[in-house]
Amino acid sequence: MRYRLSVLIRRAIGFWIDGFAVGAVILLIQWLINLIGGTPLTGDAATLYQIYAFSLVFFAYRTIVEGHWNTSLGKWSLQLEIISINRGYTTSAIRNSWVLLTVLAAFGIPYVEPTIVAILGLSIFGFAQHPFDYFAKTMVERTPVDN
């Protein structure tokens, strides 16, 4: 049980590392749009931009990076690797498709993100993988250390 908790915590921190990197790029682009564009992204327009941009860019980032290297910046920095039967972009897209569910927040559905995080976290803690890992036939484990 301690091992699962360790992997869950590492996965959560890795997620935030990836999310911070993607979020920084999205905010930089928003800043450039506001600087260059005629109408700045503020209020509801900024909120919708951030919801859609984060969801789509984060999904694309994770799909491309994990599809090619079988890890992401966050996972790599915390010594985690994706173990899968079929490596590649399709498997990566399946295991990261949960990110696209965050778009539901743009439609005013309350508590979308916390509900998703709770379901994924409880699944990882209880079963060592979340539902989308299961569908993609993958697991995330600590990288073996060579002695």
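To be clear, the structure that these remarks concern was listed above.
Here the structure is a predicted model, which is why all the values come from computation and not from measurement. (Residues numbered from 1 in each chain as written. Predicted model: local features only at pLDDT ≥ 70, side-chain atom pairs only at ≥ 80, totals over all residues. Heavy atoms only, no water.)

Draft legend 1. Molecular detail of the packing of helix H1 (residues 2–36) against helix H5 (residues 112–127). Where H1 contacts H5, the axes come no closer than 8 Å and their chain directions differ by 150°. Classified by the interaxial angle, the pair formed by H1 and H5 is roughly antiparallel. In the packing of H1 onto H5, the handedness of the crossing is right-handed. For the pair H1 and H5, contact is made by Arg 4, Leu 5, Leu 8 and Arg 11 and by Gly 121, Ile 124, Phe 125, Gly 126 and Phe 127, respectively. When its residues are assigned to classes, the contact of H1 with H5 shows five nonpolar, two polar and two charged. (Axes fitted to C-alpha atoms, helices over the stretch in contact; angles between N-to-C directions. Helix = DSSP H or I, 4+ residues; strand = E, 2+ residues; numbered from the N terminus. Parallel < 35°, antiparallel > 145°, perpendicular 65-115°, else oblique. Left-handed = near helix turned anticlockwise from the far one by under 90°. Contact = heavy atoms within 4.5 Å. Nonpolar A, V, L, I, M, F, W, Y, C, P; charged D, E, K, R; others polar.)

Draft legend 2. Expanded view of the side chain of Arg 62. Structurally, Arg 62 is set in helix H2 (residues 43–69). Setting aside residues up to four positions removed in sequence, Arg 62 forms contacts with Phe 15, Asp 18, Gly 67, Ser 72, Lys 75, Ser 92, Arg 95 and Asn 96.

Draft legend 3. Structural context of the side chain of Ser 92. Along the chain, Ser 92 turns up in helix H4 (residues 89–96). Under the relative-accessibility criterion, Ser 92 is labelled buried at 2%. A polar side-chain atom of Ser 92 sits 3.2 Å from the main-chain carbonyl oxygen of Arg 62. Contacts of Ser 92, omitting those with residues within four sequence positions, involve Arg 62, Thr 63, Glu 66 and Gly 67. (Buried < 20%, exposed > 50% of the residue type's maximum accessible area, 1.4 Å probe, protein only. Polar contact = N/O pair within 3.5 Å; in protein donor to acceptor, adjacent residues only side chain to side chain.)

Draft legend 4. The pairing of strand S1 (residues 80–84), seen in detail. Burial of the side chains of S1 is restricted to one face: Leu 80, Ile 82 and Ser 84 are buried, whereas none of Glu 81 and Ile 83 on the reverse face is. Alignment of S1 against strand S2 (residues 138–142), held across five bridges, turns out to be antiparallel. By the bridge assignment, Leu 80 is partnered in S2 with Arg 142. (Pairing = 2+ DSSP bridges.)

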